[in-house]
Amino acid sequence: MNGVNGKYHQSLDGLAENPLRRTWRGNKQGTIELSPVPKFYNPYQEREWIKEHMAAAFRYWGKCGYGEGVSGHITVRDPVLPDHYWMNPFAEHFSTMTKSMLVLVGPDGYVSPHGAQLPINSSGFYIHSAIHKARPDVKAAAHCHSIHGKTWSAFGRPIDILTQDSCLFYDNLGVYQNFGGVVLAEQEGKNIADALGPKWKACILQNHGLLTLGDTVDEAVFLFGALDRLCQVQLLAESAEANGIRKSVISQEDAEFTAKTIQWWENVYVNFQPEYKLLLQETNGAFLK
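Source: prediction; values computed, not measured.

**Student:** Any details on helix H1 (residues 43-64)? Residues and values, ideally.
**Tutor:** Between its terminal C-alpha atoms H1 stretches 31 Å, which fits the 32 Å expected from 22 residues at 1.5 Å a residue. Its side-chain oxygen at 2.8 Å from the backbone nitrogen of Tyr44, Asn42 defines the N-terminal cap of H1. One or two residues past the end of H1 sits Gly65, with phi positive at roughly 80°.

Right under this line is the structure:
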């Protein structure tokens, strides 16, 4: 640690190079290991794993109360047909989602014969197809109209880095400062993709809501929930500050230090696993059907 006038800043010196390895400990013998993101050598097996976690992601959204009519969609790139992506069917509640209900969308934007034969959300196609084209580095994208996210989006501002959790979005959050109506055109999808830039994994869509990306669907969905909760934190902090209580923003140095660990894609994936395991218990694995 180094300090100036009583202010201490941590350093990455001496810490594990892998950000995931910094966050947990086993025994001295090294026989206790944290389960990592699985590696697949068979794309068909990976496809099934993706669909299982995707169905769980929707069940999680249902528990969070994110349902808003037919709004909201998650897409994940297919490992068998990489120019296709999996998507939720139109007009089905998040809380009823199962693996067999997921739809495989082709590069032409239409339902392919390989998944459920159900309609999809047109706005979801325009937004997600543009993102998957612009960001081949990510596999999953998530968007819905959560209460706190869409409330804070009305300001067209990023969140402040107010808490440790906020550091998930330090230099990792764009703002699309426009609302062009319900997304029913290709150009609006491209505009949203542009607002994410080449590396950010989250975006606030003004007067609309939140959008997050991930290397896994688990990462995209955990980031979404985290950002929605942080929008609630921001709204509460703004209310307190309006009544004369000054808020304290985390310094750039400390935010950057924290971000270098907690933003790592494997760490964000691991953060969703408690929810996945709880859903397995609560539903007796119903979403796996």
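**Student:** Any details on the nonpolar core? Residues and values, ideally.
**Tutor:** Of all hydrophobic cores here, the largest spans 46 residues; its most connected members are Trp61, Ile74, Ile159 and Phe169. For this core, the secondary-structure elements that each account for two or more residues are H1, strand S3 (73-77), strand S6 (140-144), strand S8 (202-205), helix H5 (217-242) and helix H7 (265-283). Ranked by residues supplied to this core, first place goes to H5 with ten residues. Dropping the residues within four chain positions of it, Trp61 is found in contact with Tyr66, His73, Ile74, Phe94, Ala142, His143, Cys144, Val221 and Phe224. Membership of the second largest hydrophobic core comes to 15 residues, among which are Ala130, Val138, Leu196 and Leu205.

**Student:** If you had to explain the packing of aromatic side chains to someone new, which residues and values would you point to?
**Tutor:** For the coordinates displayed, the defined rule picks out 13 aromatic pairs. Ring centres 4.9 Å apart and planes at 35° place the aromatic pair Trp152 and Phe155 in the tilted group. An aromatic cluster is defined as three or more aromatic residues linked by ring pairs; in this entry it consists of Phe58, Trp61, Tyr66, Phe94 and Phe224. One cation-aromatic arrangement involves Arg21 over Trp24; the distance from NZ or CZ to the ring centre is 4.0 Å. For Arg229, the ring lying beneath its charged end belongs to Phe222, and the centroid distance is 5.9 Å.

Cut-offs used in this document
- Residues numbered from 1 in each chain as written.
- Predicted model: local features only at pLDDT ≥ 70, side-chain atom pairs only at ≥ 80, totals over all residues.
- Heavy atoms only, no water.
- Helix = DSSP H or I, 4+ residues; strand = E, 2+ residues; numbered from the N terminus.
- Expected span 1.5 Å × (residues − 1).
- Polar contact = N/O pair within 3.5 Å; in protein donor to acceptor, adjacent residues only side chain to side chain.
- Core = buried A, V, L, I, M, F, W, Y, C linked by side-chain atoms within 4.5 Å.
- Buried < 20%, exposed > 50% of the residue type's maximum accessible area, 1.4 Å probe, protein only.
- Contact = heavy atoms within 4.5 Å.
- Phe/Tyr/Trp six-rings, centres within 6.5 Å; stacked < 30°, edge-to-face > 60°.
- Lys NZ or Arg CZ within 6 Å of the ring centre and 35° of its normal.

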